[in-house]
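Each chain is listed here by its residues.
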Amino acid sequence: MDGKEMEKFRQQWRVEITGRNRTSRGSATGLTCDARNSSKKRCKRALGPGYHGDGEAEAGGGGGPRALGPEREDNEGSEGGRAGWKGGGSPSQGGDHFYLAGSLLEGRTSPLRDRIEAESRRRRGLAIAGRPGSRAAACGTLWGRAAQPSSSSKREDLLDQLINDLNEINEIPFFDIDLPYELALRIFAYLGKTALGRCAQVSKTWKIIAEDEVLWYKHCLKEGYQTKADIGDFVCWKAVLRDSLKKEQTLRANWKNRIGAASQLQYDVGGILCDAHSCNGMVVSGYTSGDVRMWDISTWDSSALYLETSHSSAELGPQPHISFVRINSTIAVAAYKGGAVDIWSTVLAREPVHHYQHSQEIQAIAIASDSAVIATSSGYQVRLESSDEKGYWRKAYQFELQKLVSYLQLVPHALNTDGSQPLVAAAEDTVYLLNPQTEPKVLHSIYGNTVTCLDVSINRVACGVKSFGWIMSDGNKVQVYCLQTAQPLATLGNSAGDFTCVNLRDSPPYLAVTGNKDRRVRVYDLRTSKAVISLYGHQLGVSSVQMDDWKIVSGGEEGLVCVWEQRMGTKLWEMHSRHPVRHLHFGAHKLVTANIPDEKCPRGASIMDDDLTAHRRHRGIIYVYDFSVDKSAPVLPICRSSYDEDVGYSYNIALSMPYDQIK
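Rules used throughout
- Residues numbered from 1 in each chain as written.
- Predicted model: local features only at pLDDT ≥ 70, side-chain atom pairs only at ≥ 80, totals over all residues.
- Heavy atoms only, no water.
- Pairing = 2+ DSSP bridges.
- Helix = DSSP H or I, 4+ residues; strand = E, 2+ residues; numbered from the N terminus.
- Axes fitted to C-alpha atoms, helices over the stretch in contact; angles between N-to-C directions.
- Buried < 20%, exposed > 50% of the residue type's maximum accessible area, 1.4 Å probe, protein only.
- Arc of directions from axis to C-beta.
- Contact = heavy atoms within 4.5 Å.
- Polar contact = N/O pair within 3.5 Å; in protein donor to acceptor, adjacent residues only side chain to side chain.
- Core = buried A, V, L, I, M, F, W, Y, C linked by side-chain atoms within 4.5 Å.
- Disulfide = S-S within 2.5 Å.
- Patch = residues over 30% accessible without salt bridge, like charges linked within 9 Å, V, L, I, M, F, W, Y side chains within 5 Å.
- Areas by Shrake-Rupley, 256 points an atom, 1.4 Å probe, with all protein chains shown as cover.
- Salt bridge = Lys/Arg side-chain N within 4 Å of Asp/Glu carboxyl O.
- Phe/Tyr/Trp six-rings, centres within 6.5 Å; stacked < 30°, edge-to-face > 60°.
- Lys NZ or Arg CZ within 6 Å of the ring centre and 35° of its normal.

Some points on the sheet that holds strand β7 (residues 331-336)
The strands making up a sheet associate through backbone hydrogen bonding, with each pair oriented either parallel or antiparallel. Spatially, β6-β7-β8-β9 is the arrangement adopted by the 4 strands of the open sheet, whose pairing is antiparallel. Both outer strands of the open sheet, β6 (322-327) and β9 (354-357), are each paired with one neighbouring strand and no more. Ignoring strand direction, the axes of neighbouring strands in this sheet form an average angle of 15 degrees. The pairing of β6 with β7 spans 5 bridges and is classified as antiparallel. Bridge pairing in β7 places F324 opposite A335.

This is the structure:
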């Protein structure tokens, strides 16, 4: 239908409806004219000379018409809409329809309710008229019913408004308004991948807009693709993200069903595993023999890279045990018994690039997540080492505290101009914020309340506090502080057991996951300071935890690794090993766990024994799970046969009932 035919249709429709209105108004006016004149005469006789017949009285006159005047004005639309059929007109002639349309257009939700209210007011007026001394009210009621204004102009306005409203409705084919395509793309650009997929199911028009290459090109840039050549042979940009969404769904299903490849990182001649750490696809481990090994699990290179020790540490005689190992994408660090520290480059490997010595045993060590900065504590001393742009190492700063340091954490993504980095140190019952550029700050200090765990995010620090003495009834808690203001933000938990681990850095915003000696894993909301999830599944205390937006992975002292679903609060699967889980870290595709024994010199592994290597059950083990690889059990050829072939395999064994092949 073109523009001329549409305009002609509208004109015919307007003429037809207007003609019906005039017919209904004529019949109603002829029947109500005499009633109006007679009602005015009766009101004038009742109210006296102060009444002029226009619905108003003089000063000091009767109050009936004045009181009913506003009510007449408020009900003008509804009463006027009923004038076409009250005086004898039929509702089928159009008056009732216009009253309903007028009620809806004026914003009234129920026209029938207005009719009931008007009828009740009319009945109340008749009841008052029947009482003695109520002649004014009776005349006022008669006047309110008889003096109804003409509604022809009102109906024409309603008709125009109805036509304008119908023009804005896109569902009617001949009243359509097109939105510019560029504006629609601008609106859809704020939607994510999932929302675009849902919008594509609304209508054909929305499907065309939601599948535009411009929108999916922007999402591809967010995914890390720079040019079309990086995407490969995909013809359309949306195919890339659809493929990535499919991979994400498959990856999540593999996590839930424990489908993937599992491998063990072992070093048999190294003795007993002392410590392990992983970051960005790199794994480092230290043993009682003093050896340090490094693996690159991103390329699935099963062979360990040997890291040589420095000459100064080798001159001490027998190689000391490893105390701590740490690694990031740039450097690997190992701390030995006796206070020696070696640093290797993950690119050059083999020989250490830096070495320094403490005078006492090392109690704690920390490494930056994205830079060549490390911090070590020995006795009352905290030492910060960093590397400049040219690769030269230097002692950035040295702090002297009054208590023995037990935990160290570097503040992530807070590198100073001189190459140093702020760090948080927990010393017995006090937590310090140490920054080379400012004076040390005390974040937390309660006498007798020992700090049991520590973790730091970009702007927050969380520490588990053990209750002691006269405040033991309050229970153990986790205190959260702001790094910028050094003010407390939240107090989490009230448990009888000690908090053994807390993860604030890897958790979603405003959430923190904790592990406790009472064998429970709890997730706290920092905004309400309440536990939103409480999981129970370990036989002993929880030693390490980590969570993301949908799952929680926890490790226990009994060697159990549990994977939980956050929304349902149920355990998906678990893996068990002999020794406690001291390290646990997972990314999108891989999970790394380290079961490290507490006893480093078990019976039967001394130097006087015939076999110097420790038994396998005493060594400890590192597991790597890759959920991006489908290593499910293959289907045997005999299970893939159909009715067409009655031979299972090459031995010509006939099948009495061949397996079905679903096509």
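Things to note about the pairing of strand β2 (residues 273-279)
Note on strand geometry: in a regular strand, side chains alternate between the two faces of the sheet. Most of β2 is tucked away: 7 of the 7 residues are buried. The sheet contact formed by β2 and strand β3 (residues 282-287) spans 6 bridges and is antiparallel. For C279, the partnering residue across the bridge sits in β3 and is M282.

Points about the sheet that holds strand β26 (residues 542-547)
What the 4 strands build is an open sheet, ordered β26-β27-β28-β29; its pairing is antiparallel. Looking at strand neighbours, the two that pair on one side only are β26 and β29 (570-576), the edges of this open sheet. Strand after strand, the sheet turns through a mean of 15 degrees between neighbouring axes, direction not considered. As defined by bridge partners, β26 adjoins strand β27 (residues 551-556) across 5 bridges and the pair is classed as antiparallel. Opposite M547, over in β27, you have I552 as the bridge partner.

With respect to helix α9 (residues 181-188)
Of all the positions in α9, only A184, L185 and F188 are classed as buried. The buried residues of α9 all sit within an arc of 100 degrees when viewed along its axis, so they share a single face. Turned more than 90 degrees off the buried face of α9, the exposed positions are E182 and R186.

Regarding the environment of Q360
On the secondary structure map, Q360 appears in the loop between β9 and β10 (364-367). Among the residues examined, Q360 registers a relative accessible area of 45% and is labelled partly exposed. In sequence terms Q360 and K337 are 23 residues apart; their C-alpha atoms lie 8.9 Å from each other. Ignoring any residue separated from it by four or fewer positions in sequence, one finds Q360 in contact with G338, G339, S378 and G379.

Some thoughts on unusual backbone geometry
Even without glycine at this site, R258 takes up a positive phi of about 55 degrees. Within the secondary structure layout, R258 lies in the loop between α14 (237-257) and β1 (261-265). For R258, a relative accessible area of 42% gives the class partly exposed. Despite not being glycine, R519 shows a phi value in the positive range, around 70 degrees. With respect to the helices, strands and loops of the structure, R519 is situated in the loop between β23 (511-516) and β24 (520-525).

Notes on the environment of E361
Relative to the helices and strands, E361 resides in the loop between β9 and β10. Counting along the chain gives 38 residues from E361 to S323, while the straight-line C-alpha distance between them is 9.0 Å. When residues no more than four places from it in sequence are discounted, the contact partners of E361 are K337, G338, S377, S378 and G379. Among the polar contacts listed, one links the side chain of E361 to the backbone nitrogen of G338, at a separation of 3.2 Å.

Observations regarding the nonpolar core
Inside soluble globular proteins, nonpolar side chains tend to come together where they are buried. Counting 18 residues, the largest nonpolar core has V382, L408, L410, L423 and L434 as its most contacted members. Secondary structure elements with two or more residues in this core: β10, β11 (373-378), β12 (381-387), β13 (393-400), β14 (407-410), β15 (423-427) and β16 (430-434). Here this core gets 3 residues from one element, more than from any other, and that element is β15. Ignoring any residue separated from it by four or fewer positions in sequence, one finds L408 in contact with A364, I365, A366, A375, T376, S377, V382, L423, V424 and A425. Core analysis: the next-biggest nonpolar cluster, separate from the first, contains 16 residues, V292, A332, A334 and W344 among them.

Describing the state of the cysteines
Inspection of every chain in the model, using the stated rule, returns 0 disulfides. As a non-bridged cysteine, C501 has C453 as the owner of its nearest cysteine sulfur, 6.8 Å distant.

Regarding the pairing of β29
Sheet topology note: the strand β28 (residues 560-565)/β29 ladder contains 6 bridges and is antiparallel. Opposite V561, over in β29, you have M575 as the bridge partner. Connecting the antiparallel pair β28 and β29 is a turn made up of 4 residues, with G569 showing a positive phi of about 70 degrees.

A few points about a nonpolar patch on the surface
There is a patch of nonpolar side chains on the surface, built from L179, L183 and I187 and spanning about 280 Å² of accessible area. Here L183 shows up in helix α9.

Quick look at the pattern of salt bridges
Scanning all chains against the criterion turns up 14 salt bridges. With its nearest N and O atoms 3.1 Å apart, the salt bridge here joins E211 to K207. Where K256 meets E565, a salt bridge forms, and the shortest distance between an N and an O atom there is 3.6 Å. Note that K256 is positioned in helix α14 and E565 in strand β28, a separation of 309 residues in sequence. The exposure class assigned to K256 is partly exposed, which follows from its relative accessible area of 30%.

Points about the packing of aromatic side chains
Counted by the stated rule, this structure contains 9 aromatic pairs. A centroid spacing of 5.6 Å and a plane angle of 80 degrees characterise the contact between F188 and W206, whose relative ring orientation is edge-to-face. Of this pair, F188 sits in helix α9 while W206 sits in helix α11 (residues 204-210), and the two are 18 residues apart along the sequence. When its relative accessible area of 8% is taken as the criterion, F188 is described as buried. For W206, a relative accessible area of 38% corresponds to the partly exposed category. For the ring pair W573 and F627, a centre distance of 6.0 Å and an interplane angle of 50 degrees mean the geometry is tilted. Linking W573 in strand β29 with F627 in the segment after β32 (621-626), this pair joins segments that are 54 residues apart in sequence. Summarising the burial analysis for this pair, W573 and F627 share the class buried. The structure contains a cluster of three or more aromatic residues connected by ring pairs, namely W255, W573, F586, Y623, Y625 and F627. Above the face of the W255 ring, K551 is positioned so that its terminal group lies 4.3 Å from the ring centre.

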